[in-house]
Amino acid sequence: MGHRTGARPRWWAELVLIVLVYAAYSAGRLLARGDESTAVAHGLAILRVEKALRLNAEHPLNRLFTGTPALGVPADFIYASLHYLVTPAVLVWMFRHRAALYRAARNWLMLATLLGLAGFTLLPTSPPRLLAARHGFVDTMAHFSEYGWWGDEASAPRGLGEMTNQFAAMPSLHVGWALWCGVLLWRHARTPLVRWLGAAYPVVITVVVMGTANHYFLDAVAGAVVMAAGAALTGPALRAADRIRDGVRAAMPVRSGPPPALSRLFTVPAQAPPKSPESQPRPHASPIVSGGCETSAGERFPGRRTRGSTPGTSSADDTPATAR
């Protein structure tokens, strides 16, 4: 059974949700700081594995970026900014132009980010730039810091280095989020240029994070794995959320209108329609119309006489006035 796409969510509710999730992620990232010696040991172990597998592309890229400011400075700007600009831009684009797919895209990003946070907590890792100089890496952001707003402590602005966890290297969410953007743009953008830019974006970010000595190649691989796991969990998570929401709605009482007290307060009593003249009750008619009075020919006023009298006989009162 597939999950329901539903209508576009309310923008303000989405904004609040995303701000809260990112704040929780940032706080969790800070709280997940590991011991420095442990983080360095993990970084050296990754480097040894890469050398054994001949995957350590970080060294040649880092030397190239350090020796060529025309490459190193733009790479530092890319690392320090696009991660926080392109990702929300793609999310807003999905909300406005692909509303039926937005909820799945948003949940995919959030689930993968939470998995990345678990990786930072379980495996604090020193990036190559924080290893001892004898390991052959140069921190390009510190090397070219006079060109940008960052200092010598990660990509944070100068003086705010303590606000970031520098051992949150495994997995690389720079690569993971870039892959999320690239997949969505490739699949759902209409113009070929945007689709190809989307496909190139995660590749560029992967090269940048290694050339600036912020991540190992295996960090980038782990970032891709985290995004794949998040994508696999998105469908079941959406179906579970739909079932929970349906259960909550079914448990809530359904009312077709306002509460009874308010209903009585604001309801105008209905007035009965006016009755037609035909429907008005008629007064009871007397069976004797003249009330016992009869008028004879030549009389101006009716005289009272007995109905039972026979013609030709009359009482004294029956005599016309002229005859008296």
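The coordinates are above.
Residues numbered from 1 in each chain as written. Predicted model: local features only at pLDDT ≥ 70, side-chain atom pairs only at ≥ 80, totals over all residues. Heavy atoms only, no water.

Broken down by element type, the protein chain carries 10 helices and 2 strands. Each helix and strand of the protein chain, placed in order from N terminus to C terminus, yields the pattern α-α-α-α-α-α-α-α-α-α-β-β. Residue burial in the protein chain is summarised as follows: out of 324 residues, 35% are buried. For the protein chain, the proportion of contacts with a sequence separation of at least 24, taken over those separated by at least 6, is 77%. Roughly 19900 Å² of accessible area belongs to the protein chain as shown, and the carbon and sulfur atoms make up 65% of that amount. (Helix = DSSP H or I, 4+ residues; strand = E, 2+ residues; numbered from the N terminus. Buried < 20%, exposed > 50% of the residue type's maximum accessible area, 1.4 Å probe, protein only. Contact = heavy atoms within 4.5 Å. Areas by Shrake-Rupley, 256 points an atom, 1.4 Å probe, with all protein chains shown as cover.)

Turning to helix H3 (residues 58-67), its buried residues are Glu-58, His-59, Leu-61, Asn-62, Phe-65 and Thr-66. Buried positions in H3, seen along its axis, are confined to an arc of 165 degrees and lie on one side of it. Residues of H3 that are exposed and point more than 90 degrees away from the buried face comprise Arg-63 and Gly-67. Tucked inside the fold, the buried residues of H3 contact helix H2 (36-53), helix H4 (69-97), helix H6 (140-143), helix H8 (192-211) and helix H9 (217-251). (Arc of directions from axis to C-beta.)

To continue, consider the nonpolar core. Core analysis: the largest hydrophobic core is formed by 37 residues, its most contacted members being Val-90, Trp-180 and Leu-184. Of all the secondary-structure elements, those providing two or more residues to this core are H3, H4, helix H5 (99-122), helix H7 (173-188), H8 and H9. Ignoring anything within four residues of it in the chain, the contact list for Leu-184 reads Val-90, Trp-93, Met-94, Ala-105, Trp-108 and Ala-189. One finds Leu-131, Met-170, Tyr-216 and Ala-222 within the second-largest nonpolar core, a separate group that totals 8 residues. (Core = buried A, V, L, I, M, F, W, Y, C linked by side-chain atoms within 4.5 Å.)

The next thing to look at is the environment of Met-94. Structurally, Met-94 can be placed in helix H4. The exposure class of Met-94 is buried, given its relative accessible area of 0%. Each C-alpha atom, one on Met-94 and one on Leu-185, is 9.3 Å from the other, the two residues being 91 residues apart in sequence. Among all residues touching Met-94, those that are not within four sequence positions of it are Ala-99, Leu-101, Tyr-102, Ala-105, Leu-184 and His-188.

On the surface, a nonpolar cluster with roughly 490 Å² of combined accessible area is contributed by Trp-11, Trp-12, Leu-15 and Val-19. Summarising the element assignment, Leu-15 is placed in helix H1 (residues 11-31). Taking relative accessible area as the criterion, Leu-15 reaches 48% and is therefore assigned partly exposed. (Patch = residues over 30% accessible without salt bridge, like charges linked within 9 Å, V, L, I, M, F, W, Y side chains within 5 Å. Salt bridge = Lys/Arg side-chain N within 4 Å of Asp/Glu carboxyl O.)

Look at the link from Met-170 to Pro-171: it is a cis peptide, with omega at 5 degrees. Among the structural elements, Pro-171 can be located in the loop between H6 and H7. Despite not being glycine, Arg-54 has its phi angle at roughly 60 degrees, a positive value. Looking at the element boundaries, Arg-54 is found in the loop between H2 and H3. At Ala-213, a position not held by glycine, the phi torsion is positive, near 65 degrees. Within the secondary structure, Ala-213 sits in the loop between H8 and H9.

Between its first and last C-alpha, H9 extends 50 Å over 35 residues, near the 51 Å set by a 1.5 Å rise per residue. When the local axis directions of H9 are compared, the greatest deviation, roughly 35 degrees, occurs at Thr-234, which is followed within four positions by the proline Pro-236. Those residues of H9 lying buried are Asp-219, Ala-220, Ala-222, Gly-223, Val-226, Met-227, Gly-230, Thr-234, Gly-235, Leu-238 and Asp-242. Check the buried side of H9 and you find it contacts H2, H5, H7 and H8. (Expected span 1.5 Å × (residues − 1). Bend = angle between axes of the 7 residues up to and from the residue.)

Where H4 contacts H7, the axes come no closer than 10 Å and their chain directions differ by 35 degrees. Note that H4 runs across H7; the crossing there is left-handed. For the pair H4 and H7, the contacting residues are Tyr-79, His-83, Val-86, Thr-87, Val-90, Leu-91, Trp-93 and Met-94 in the first and Leu-173, His-174, Trp-177, Trp-180, Cys-181, Leu-184, Leu-185 and His-188 in the second. (Axes fitted to C-alpha atoms, helices over the stretch in contact; angles between N-to-C directions. Left-handed = near helix turned anticlockwise from the far one by under 90°.)

Counted under the stated rule, the structure contains 4 salt bridges. The closest approach of N and O atoms between Arg-103 and Asp-242, which form a salt bridge, is 3.0 Å. In this pair, Arg-103 sits in helix H5 while Asp-242 sits in helix H9, placing the two residues 139 residues apart along the sequence. Residue classification places Asp-242 among the buried positions, given a relative accessible area of 4%. A salt bridge links Arg-245 to Asp-242; the nearest nitrogen and oxygen atoms lie 3.0 Å apart. One end of the pair, Arg-245, and the other, Asp-242, are both in helix H9, 3 residues apart, so they sit about a helical turn from each other. By relative accessible area, Arg-245 is classed as partly exposed at 33%. Linked by salt bridges that have partners in common, Arg-103, Asp-242 and Arg-245 make up one network.

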